[in-house]
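Breakdown of the fold
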Amino acid sequence: MFSVNKEAMKMVKKIIEDKESLNIGVSSLKNGSTVIDMGINYPGGWKAAQYLTEITMGGLGLLNYDTYRLGELELPQVNIYADKPVIACLSCQLSGWALPEFKNDAGIVPLISGPVRAIVKEDKFAKPFSYQDKSERVVVVLQDKVLPGEELTVYIAKKCKIEPKGVFILVAPTGSLVGLVDVIARTLETSMWRLHELGFDVNNVISAWGKAPLPPISKNEYIAMIRSNTYIYYGGTAGFVVNCKDEDIVRILEDITLSPKTTKQYGIPFGKLLEEAGGNIFNMTEFCHNVTKVNFYNSFTGNTFVYGENDQKMLFECL
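Overview of the structure. (Residues numbered from 1 in each chain as written. Predicted model: local features only at pLDDT ≥ 70, side-chain atom pairs only at ≥ 80, totals over all residues. Heavy atoms only, no water.)

Per the secondary structure count, the protein includes twelve helices and twelve strands. Against the 2.2 N^0.38 benchmark of 20 Å for 319 residues, the protein shows a C-alpha radius of gyration of 19 Å, consistent with a compact globule. With the C-alpha coordinates aligned to their principal axes, the bounding extent of the protein is approximately 55 × 45 × 35 Å. Going through the 319 residues of the protein one by one, you find that 60% of them count as buried. Of the contacts formed within the protein by residues at least 6 apart in sequence, a portion of 72% connects residues at least 24 apart. Summing over all exposed atoms, the protein offers an accessible surface of approximately 13,400 Å²; the carbon and sulfur share of this is 50%. (Helix = DSSP H or I, 4+ residues; strand = E, 2+ residues; numbered from the N terminus. Rg over C-alpha atoms; globule rule 2.2 N^0.38 Å. Buried < 20%, exposed > 50% of the residue type's maximum accessible area, 1.4 Å probe, protein only. Contact = heavy atoms within 4.5 Å. Areas by Shrake-Rupley, 256 points an atom, 1.4 Å probe, with all protein chains shown as cover.)

Attention now goes to the sheet that holds strand β8 (residues 167-172). The mixed open sheet is built from six strands, whose spatial order is β1-β2-β8-β7-β6-β5. Strands with a single pairing partner mark the edges of an open sheet, and in this sheet they are β1 (25-28) and β5 (97-98). (Pairing = 2+ DSSP bridges.)

Let us now look at the sheet that holds strand β12 (residues 304-308). Within the open sheet, the six strands sit side by side as β3-β4-β9-β10-β11-β12. Their pairing is mixed. Each edge of the open sheet carries a strand with a single partner, namely β3 (61-70) and β12. Averaged over neighbouring strand pairs, the angle between their axes works out to 15° when direction is ignored. Strands β3, β4 (73-83), β9 (205-213) and β10 (237-242) of the sheet are contacted by helix α9 (residues 221-235), whose axis makes an angle of about 120° with β9. The sheet strands contacting helix α10 (residues 246-256) are β10, β11 (293-298) and β12, and the helix crosses β11 at an angle near 175°. (Axes fitted to C-alpha atoms, helices over the stretch in contact; angles between N-to-C directions.)

Most of helix α3 (residues 46-56) sits inside the fold, with nine of its eleven residues counted as buried. Looking at α3, one finds that the buried residues are A48, A49, Q50, Y51, L52, T53, E54, I55 and T56. Of the residues one or two after α3, G58 is the one with positive phi, at around 65°.

A word on helix α8 (residues 187-197). With nine of eleven residues buried, α8 is to be regarded as a mostly interior element. Those residues of α8 not exposed but buried are T187, L188, E189, T190, S191, M192, W193, R194 and L195. Taken from the residues just after α8, G199 is the one with a positive phi, measuring 90°.

So, about the pattern of salt bridges. A complete count under the given rule lists eleven salt bridges for this structure. Among the ionic pairs, E189 bridges to R186, the shortest N-O distance being 2.9 Å. Accessibility expressed as a relative area gives 7% for E189, which makes it buried. Across the salt bridge formed by K261 and D255, the nearest N and O atoms sit 3.5 Å from each other. (Salt bridge = Lys/Arg side-chain N within 4 Å of Asp/Glu carboxyl O.)

Right, here's the structure in full:
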């Protein structure tokens, strides 16, 4: 059976070998777990960010860069492509495993993403889908500004029913280049979940792509989280190659995007919504977590559908 953890480990080995050129750090805990610092004490970079994102998707994604014009300001743009998007985005990439018991001093709940989620299948985003991975070595991606200790790795190892030495954790705060790119690349994960919520059979999505601009980096983790989510939601676009009836697309087309129709919280600064949610994004239940523009390419009928538009006003106001 295809294993996302084994595929991701191929890239993990590569970045460990190339740690100096990638500007990242590698260390081992006393219990044998491996911690890869992608942006806390090491600067990382564009290549490291590409590796981290593709690792997060279990080797089923491809990332590259472009530029995005916001008025007179030019920003990098993150483009992401996915094959087997249900597994790549929902079983792996989606940062859906929240750890409130490890909440950091900034009041932010650490979020776990990556192939490990396809083994544990504990969060509500991984549970609905049949794919189940099994591996003695698991790849964990952690959004945090503090390197994990043995307590966390033991916790993860127990959940995966493996020895701690089989745990490989890649860590990057949102306020780093690597972490910011990884978060902005989540245009697809949020869109795929939205499709699922609306009753669209996501198994009919053959492949997918997404893009969003990268906001200016802030070392302040809270500001970085606000900017990154604002830029995903209000500056993000997703595209889906599907195999279904046209009416299946038409039925959900006007309900899929983030818009005034889908949430009364449209246009409210993300920071205010996050504060009201206690720093936990999953407590924002009334907000429509999705991008503002979608494209469908129906391979079954040959027809195309597009809906929504990016909101540059919200992007400006977030700077």
